[in-house]
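Analysis of the macromolecular model
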Amino acid sequence: MQLNRNVVQTASRAPAAHSVLPLSLPSACTNGRRSLAAPAQTAGDAAPRAQRRSIRAAATKTPYPPPSRVIPTEAPTDVEYDAVIVGGGMGGLATAARLVAKGAKVVVLEKYLLPGGSAAHFKREGYTFDVGSSMMFGMGQEGTTNLITKCLETVGRKIPTVPDPTQVVYHLPKSDRFPKGLEVAVWRQYEEFLEELAQRFPAEREGIKKFYDECWRIFDSLNVLELKSLEEPRYLLGEFAKQPAACLTLASFLATNTGDVARRHIKDPELLRFIDIECFIWSTVSADLTPMINAGMVFCDRHYGGINYPVGGVGRIGEELAEGIVEYGGHIVYKANVKEIIVEGPMDGERRAVGVRLADGRVFRGKTVVSNATRWDTFENMIGPDKLPESEQLFRKRFKKSPSFFSLHMGVKAEVLQGQADCHHILLEDWGKMEAARGVLFVSIPTVLDPSLAPPGHHIVHAFTPDWIDNWKDLSPAEYEAAKEQLADQLCERLEAIIPGLRAATTFREVGTPRTHRRYLSREDGTYGPIPSRRPLGMLSMPFNSTDIRGLYCVGDSSFPGQGVNAVVFSGFGCAHRVLADLGKEPTWPLLDSAFGKLLSTVRNAA
Ligand SMILES: NC(=O)c1ccc[n+]([C@@H]2O[C@H](COP(=O)([O-])OP(=O)(O)OC[C@H]3O[C@@H](n4cnc5c(N)ncnc54)[C@H](O)[C@@H]3O)[C@@H](O)[C@H]2O)c1
Ligand SMILES: CC(C)=CCC/C(C)=C/C=C/C(C)=C/C=C/C(C)=C/C=C/C=C(C)/C=C/C=C(C)/C=C/C=C(\C)CCC=C(C)C
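Looking at an unreviewed UniProt entry, one finds the protein chain named prolycopene isomerase, with Pleodorina starrii as its source organism. In its Catalytic activity (unreviewed entry) section, UniProt records this for the protein chain: "7,7',9,9'-tetra-cis-lycopene = all-trans-lycopene". Comment text from UniProt for the protein chain, heading Pathway (unreviewed entry), reads "Carotenoid biosynthesis; lycopene biosynthesis."

**A look at the pairing of strand β3 (residues 121-124)**
In terms of strand pairing, β3 meets strand β4 (residues 127-130) through four bridges, oriented antiparallel. Each residue of the ladder has a partner; that of Arg124, found in β4, is Tyr127. Counting the residues in the hairpin turn of β3 and β4 gives two residues, including Glu125, whose phi is positive at 45 degrees.

**Quick notes on unusual backbone geometry**
The linkage connecting Phe560 with the following residue, Pro561, adopts the cis geometry, with an omega of 0 degrees. One non-glycine residue with positive phi stands out, namely Thr284, at about 55 degrees. Considering the arrangement of structural elements, one finds Thr284 in the loop between α10 (269-283) and α11 (292-304). The backbone of Asp474 sits at a positive phi, close to 55 degrees, despite the residue not being glycine. Relative to the elements of secondary structure, Asp474 occurs in the loop between β17 (458-467) and α15 (477-495). Relative accessible area serves as the criterion here: at 77%, Asp474 is assigned to the exposed category.

**What about the sheet that holds strand β15 (residues 424-427)?**
The seven strands lie next to each other as β7-β6-β15-β16-β17-β14-β18, forming an open sheet whose pairing is mixed. Edge positions in the open sheet fall to β7 (182-187) and β18 (506-512), since each of these has one partner strand only. Neighbour-to-neighbour, the strand axes of the sheet open up by a mean angle of 15 degrees, direction not taken into account. Bridge analysis of strand β14 (residues 404-413) against β17 gives ten bridges, and the strand direction is antiparallel. Within β17, the position partnered with Val412 by the bridge is His459. Lying over the sheet, α10 contacts β6 (166-172), β7, β15, β16 (441-444) and β17, oriented at roughly 125 degrees with respect to β6.

**Description of the confidence of the model for the protein chain**
Looking at the protein chain, the pLDDT average stands at 88 and 88% of residues meet or exceed 70. Low pLDDT (under 50) marks residues 1-67, which in the prediction has 164 contacts with non-local residues, meaning those over four places away or in another chain. Here the predicted complex scores 0.91 on pTM and 0.96 on ipTM.

Cut-offs applied
- Residues numbered from 1 in each chain as written.
- Chains lettered and ligands numbered in written order.
- Predicted model: local features only at pLDDT ≥ 70, side-chain atom pairs only at ≥ 80, totals over all residues.
- Heavy atoms only, no water.
- UniProt positions renumbered as here; feature names shortened; annotations may be inferred.
- Pairing = 2+ DSSP bridges.
- Helix = DSSP H or I, 4+ residues; strand = E, 2+ residues; numbered from the N terminus.
- Buried < 20%, exposed > 50% of the residue type's maximum accessible area, 1.4 Å probe, protein only.
- Axes fitted to C-alpha atoms, helices over the stretch in contact; angles between N-to-C directions.
- Contact = heavy atoms within 4.5 Å.
- pLDDT = per-residue confidence, 0-100.

In structure tokens:
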């Protein structure tokens with residue numbers, strides 16, 4: 001059966017291209033093919049790509065963004081805040097934005113000098129480097145899942161963006177069928193991507209469409225809901241009443257993992273491995289361990305128009321949010337290292353978080369405390385490893401820390417990337433190494449979308465690969481430096497396969513190891529976030545924002561729905577809603593509320 005593009009394309013899947021074009025950038029198109037040294041395909045090469053590209057990056061000049069503005073603020077310590085927020089990563093900022101917009105008195109305490117956490121940026125020699133990846137979901141203009149756009153709007157902000165023409169281009173291992181390697185581009189247009197994949201695996205044409213169409217069922221359901229706290233039954237019942245079909249669809253997928261759905265429709269082992277890496281690049285686990293609802297979000301938002309690069313760099317999002325929060329009356333204190341979450345009450349009775357103490361001795365008191373640090377940093381380091389509530393002990397059995405990353409930030413002469421139009425690439429030479437440290441190589445070239453990030457005539461190449469902190473322990477300073485250089489050289493050698501001449505064209509290079517991530521992001525072992533230790537029951541085992549300590553909430557990637565900027569912003573929306581409900585600033589049905597809370601924790605403990 002041939003894919004029928006007219007059937008696949010629906011208004012909800014592909015909002016008009018103009019709606020996602022940059023707000024202030026030229027929509028200049030470059031119709032050339034990708035210029036990376038792409039191996040030819042053997043199983044049916046796709047039709048000429050130039051004909052199928054309907055959205056192209058603005059790859060020419062862009063205006064320089066406004067200079068970074070991080071307004072340092074202080075905050076009084078002699079007041080009781082509605083919420084004291086530990087950490088100004090995207091999870092903490094999203095919570096703060098939603099709270100201040102409702103008139104709550106909020107202080108954000110950030111250990112570093114800048115907002116954004118792992119989604120911040122740093123500047124060196126005329127380059128603006130994104131700390132993490134440059135792939136931003138949730139930045140579209142339509143629907144309800146464009147949570148980054150919505151979060152900015154909450155505090156009156158908007159950022160010009162550039163659409164990514166492809167989400168990612170995969171350069172995957174050689175096999176009998178693909179002697180030069182399997183290459184697949186995930187085009188912004190859904191039909192183009194389906195066609196490309198079906199050309200590679202013609203016998204699975206129908207299965208491919210069925211699998212990805214199941215993802216659309218989830219996305220289309222999420223994309224009509226007002227996204228708030230799933231722990232608040234009054235809101236939840238309201239959404240069920242307004243959108244019963246969407247809510248039932250989501251409920252039916254809550255306990256499902258992606259691998260199960262993929263195997264229902266696809267039999268080819270090589271294609272199933274492709275679905276694995278489709279999950280791995282954002283969940284850092286295979287499809288069997290990746291909740292299907294998250295896959296629905298990621299596999300569809302990219303075609304719906306959600307992946308757009310913020311002009312000026314990913315760090316602009318945090319900067320704009322921070323400014324907006326301050327404008328709405330909130331406080332953000334930088335260089336504020338929270339050492340302790342103050343909890344009152346007996347160990348065997350009701351315990352309540354009442355504030356925090358900083359390393360310099362300052363105390364901020366609040367009716368609620370929200371932690372944007374990982375659960376390990378929050379409970380073990382700021383409360384005490386001997387005081388772990390039962391639900392936290394359970395969390396530690398079910399989830400473990402994912403590896404951190406080794407990152408290589410490079411400035412390169414522009415000619416080495418002549419004609420390049422794809423920002424993100426994935427390289428893997430051996431399927432057996434997909435989940436191993438230093439196996440998958442992630443590559444972002446954000447300057448193809450926003451040239452203003454590099455000095456004229458230059459590009460940024462950011463390459464990173466999963467790595468464990470244990471690989472960097474017990475080294476002398478000289479050994480540490482030598483190990484960094486050696487691994488950086490190895491990665492450059494691998495990169496030469498898709499960017500020939502890279503090493504000779506490199507004019508700037510800075511390396512980060514898991515130790516760097518631990519130090520600057522204050523994430524235990526530099527972890528990227530929690531991953532399941534065993535097969536999870538879809539999303540059901542992931543904790544929401546409330547904790548067993550009254551008044552203490554967690555937000556960010558150790559809370560539902562997990563890693564990803566759009567995901568932690570959703571977690572922030574949920575957290576703010578739950579906090580407001582507990583503060584009496586959002587309507588609730590108290591009896592139902594407490595019964596539902598107990599039911600949820602019973603279900604989660606059993607999941
Ligand atoms: N392209 C992408 O998709 C992309 C890019 C970057 C980041 N991310 C995602 O962002 C997620 C993380 O976001 P997040 O909001 O959960 O966490 P985060 O680590 O980004 O932010 C946490 C913040 O808390 C601060 N902090 C930690 N301990 C502190 C303490 N004791 N006192 C004061 N401040 C403290 C840190 O300095 C940091 O700014 C990751 O899962 C990753 O997937 C994604
Ligand atoms: C009863 C109950 C509870 C319920 C009922 C039913 C219902 C209603 C349900 C509902 C649900 C919901 C709403 C859900 C939600 C969800 C969500 C929102 C989700 C989201 C997600 C997201 C995500 C996951 C994302 C992610 C992303 C990421 C991670 C990214 C990353 C990236 C990277 C790393 C990059 C790569 C790079 C290269 C390639 C270079």
